[in-house]
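Listed below, chain by chain, are the residues.
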Amino acid sequence: MYLNCHSHFSLRYGTLSVEELVKLAVEHRIPALALTDIHNTSACYDFVQVCRKAGIHPVIGMEFRKGDQLLYVALARNLNGFREINEFYSRYALQHRDFPELPPYWSEVYVIYPWNRRDEVSLSEHEFLGIHPSQVRQLLRSRYRHRHDKLVLLQPLTFVDKRGHNIHRLLRSIDHNVLLSKLLQANQAGDEEAFVPPDRLREIFADYRFILDNSEKLLSNCSFNFIFGQRRSRQTFTGGKYDDMLLLEKLAHEGMERRYGRAHPEAMKRISNELEIIDQLDFNAYFLITWDMVMYGRSRGFFHVGRGSGANSIVSYCLGITDVDPIELDLYFERFLNPKRSSPPDFDVDFSWKDRDHVIDYALKRYRHTHASLLATYTCFRDRGIIRELGKVFGLPKHEIDRLASRHVPRPADMDKLSKQVLHYAGLMEGIPNHLSIHAGGILISEAPIHSYTATNMPPKGFPITHFDMYVAEEIGLHKFDILSQRGLGHIQESVQIISETRRELIDIQDVDRCKQDPQVRKLLSEARTVGCFYIESPAMRMLLQKLHCEDYSTLVAASSIIRPGVASSGMMRAYIERHNGKLFAYAHPRLKELLEETHGIMVYQEDVIKVVHGFAGLDLADADLLRRAMSGKSRHKREFLDVREKYFSACRERGYPDDVVVELWRQIESFAGYSFSKAHSASFAVESFQSLYLKAYYPLEFMVAVINNFGGFYDTELYLHEARQWGAIIHPPCVNQSTYLTRLVGQDIYLGFVHMKDLSEKLSKGIEQERKQRGIFKDLADFTRRLPVSREQLTLLARVGAFRFTGLSKPHLLWDLQLHLKPRGKAKQAEVLFAPEGGVFQLPEFEQQPLEDAYDEMELLGFPLCSPFDLLPGMPEGCISSSQFPQHDQQIASIPGYLINIKQIKTKRNDRMQFAHFVDQRGDMFDATLFPEAVAKYPFTGRGIYLMSGKIVKEFGVYTIEVHSMKKLLFTPDSRQIGERWEQQA
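Residues numbered from 1 in each chain as written. Predicted model: local features only at pLDDT ≥ 70, side-chain atom pairs only at ≥ 80, totals over all residues. Heavy atoms only, no water.

1. Brief notes about the overall build of the chain
When helices and strands are counted, the chain shows 37 helices and 20 strands. Rg of the C-alpha trace for the chain: 34 Å, near the compact-globule value of 30 Å for 987 residues, within the 12% margin. When its C-alpha atoms are laid out on the principal axes, the chain stretches across 100 × 100 × 65 Å. Summarising the internal contacts of the chain: among those between residues at least 6 apart in sequence, 70% fall at separations of at least 24. Carbon and sulfur atoms make up 50% of the accessible area of the chain, which amounts to about 44500 Å² in all. When the 124 positive and 125 negative side-chain charges of the chain are each reduced to one mean point, those points stand 3 Å apart. (Helix = DSSP H or I, 4+ residues; strand = E, 2+ residues; numbered from the N terminus. Rg over C-alpha atoms; globule rule 2.2 N^0.38 Å. Contact = heavy atoms within 4.5 Å. Areas by Shrake-Rupley, 256 points an atom, 1.4 Å probe, with all protein chains shown as cover. Lys, Arg positive; Asp, Glu negative; His and termini not counted. Charge placed at Lys NZ, Arg CZ, Asp CG, Glu CD.)

2. Some remarks on the packing of aromatic side chains
One pass over the full model with this rule turns up 49 aromatic pairs. Ring centres of Phe-714 and Tyr-715 lie 5.0 Å apart, and the angle between their planes is 75°; on these two criteria the pair is classed as edge-to-face. For Tyr-715, a relative accessible area of 8% corresponds to the buried category. Ring geometry for Phe-941 and Tyr-947: centres 5.1 Å apart, planes at 80°, overall edge-to-face. (Phe/Tyr/Trp six-rings, centres within 6.5 Å; stacked < 30°, edge-to-face > 60°. Buried < 20%, exposed > 50% of the residue type's maximum accessible area, 1.4 Å probe, protein only.)

3. Notes on unusual backbone geometry
Positioned with a positive phi, Arg-12 is a non-glycine residue whose angle comes to about 60°. Position of Arg-12 among the secondary structure elements: in the loop between strand 1 (2-5) and helix 1 (18-27). We note that Asp-282 has phi near 65°; this positive angle belongs to a residue other than glycine. Of note, Asp-282 is situated in the loop between helix 8 (265-280) and helix 9 (284-299).

4. Some thoughts on the side chain of Ser-765
If you trace the backbone, Ser-765 turns up in helix 31 (residues 762-775). Owing to a relative accessible area of 1%, Ser-765 belongs among the buried residues under this scheme. Look past the residues within four positions of Ser-765 in its chain and what remains in contact with it is Tyr-741, Phe-754 and Leu-760.

Note that every value here comes from positions in space, so none of it alone points to a role or purpose.
Structure representation (structure tokens):
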């Protein structure tokens, strides 16, 4: 009878999860349910699985609307009908068009129109009219009352009770962006969409039993005979599986010659073994499709990194998908693919953020939009976001919303009724889907048309997305190809381009061995001079590198993994550092020496966890893989993790291991959950880090400009400019005759790009560069205004930042010229003057320009000064030291001023706040400070600036930091003459 049920995937409308819907059916002995979410198929497969488990007959469909007006409900008779619905929905959704008043003729779909929307004479065989219980009385006077074959029950199910109705109304208010009190009746469901029990429906339709019979017959005529677990991804690359096998074998052996030479017994043995398993598990096409996308990227000059467990494969290394040598690091292929592994393999291929969309576009066109799509993710109502949404709906003022959404929520006694309601319903709505979003880079390529499995939407980005996420995709047998992006690759690629353009040198950055063995690179790494370098530039990572005295590839691979939160928070990171630096230790069990000798008896990688679970406890590789997936966050079923836990403890008891050893090992395993890296993943990151280090070692200015132009990294632009200055660069503010939209390098001179100027239009920024290319440099301010359409406001910004300093005129002089001589644009008629001024030419006095004014203009227009922040102080306090003097003051109290770069907040075991802060000293060197809870409470940071700290200088593993005892912020009250002298010296 229930032909029109909504889950909460009727976005911003439905209130019930799939589990709640099915539980309701079980409680009321309802034999069949039809899920008809509004313009959505996200919940279909979960609904089918939950229904089957509960013994409920599932029916799948969709509800179509025009705005808030119901047009019709479509029910799929079978899988073909589901495809017809998906194709119809997608055709209009992809073009952002309204759905038609009448659907097309569907061969395998039932259509139900709301009462009085269609004349029964015009109804086709597959079309019906839906009667709501409130409309029964109208049947007495209706000509439809004798059309027994065309009337069915249309009782929407959106919520169960009053609380559910309230949640629905809040969702509708959020959707329409109106106050709850202003929500129109036409924009929301009334009580008629509440759940009505079957017995009550039978009472209402006692005189029209045929309507209920028709409804039940309709449900029984529909089926969704979908078989889960079958592989539905594209089956071949060449068109034939045998041809795929031959092509992959050919490419692998050709790649082996490039990587290892003609005769390499170990490589040949591994390749032969891998190809056999790949073919046995029918993944030839998966490797070839990934290779094809990588080769397209290379043909366009795109850099990429193949990471994840795919780097365990020597075949992927020989195909050029990855640059990690599995023989060098003793990576075992079974971590990536083995006969007992139930899930498909997984490649993560990163391209630059500028290039990724080109690769995605190629893949979708290469394999056709009808068979390829991006994956969706679900953005849900969570945390402070839902509090802010509800605060607006309830009409709270902004300061009240901010207070409720802050980390320090007021006590109930201090809240009014509306605030309490906001928090109450925020808790009830936690986790309800808000909208569909795009997966970071998952592409599906299916054998059958993609609409056989899902409808698709077209987000603003311009690529179609499915309605389900990666978990559902895997369950229904569609494997994703991960084409991801990162800005670190943009740093590398643009560096190589700048070097080619300015120095006429071609850099083979893919020669990874040269990067890893280069002495200059190893020196930078050991000194942790890694600012700007991918994954190894954060204060925590730089400190770790120093503590490990890291200067080689294998140590960096380990560092890339132990910095992860799971390893660090469990105490294993500290233990690893101690043991790496020579501290004697005993293995918890003799068996662990054999398994974990490489990592000093500590689980550092996912592979180590698998070694313990498989080699120590004796669980098979299938269970080990389940655990691996749970650790990496790729499984949504917590039960799987608990099942492996039970097996682990049971197996360890059977082997007679001591309880304390077994418990401690499992504690370490659990700490990995959601944070762990595979060794191959860490190795892939380390390769990219070495490539960045090589560029920084030999082309530091080109590299830092590339970092700045890719707007990505751990730090702000200000610090990257500071780092460039440390390497000898001369930093200039934007100049209309030298700067481009992005930052530009000319010899040792770095001209900041117009993109960094606040409030300067992008059109003008790019227009300046284009005009200069076409007609040459600008002669003066008047020439600039003649050649470019520019408003007085935009021209003022350029003058204040110093973009016309080439004229030799002072900034005040230019600003006066701008006001006096810039002709207003437009057709406004100038008013006549009674007395014309004598002379006609104004003689401006000499203006004095202070460097301090420039610094303040730069802070306002760029966000930071281009001089050293220490130049803005009247003088340094007496008795201060620099960070280079820390060794001479070991275990002593000292004072040091530092320009704040970064703060990391953590909680102690007693839940007190503690801070690690990163600074630049007056010499330009970086140092770290630790603020324990007492110092945090007494001396809070109050934003960016210079802080004078006093504390104890301490050393750990050779790394010096200051433990802050007291701190105060120094104010910028400089002597402008002093700044001028320093600038002259720098020039």
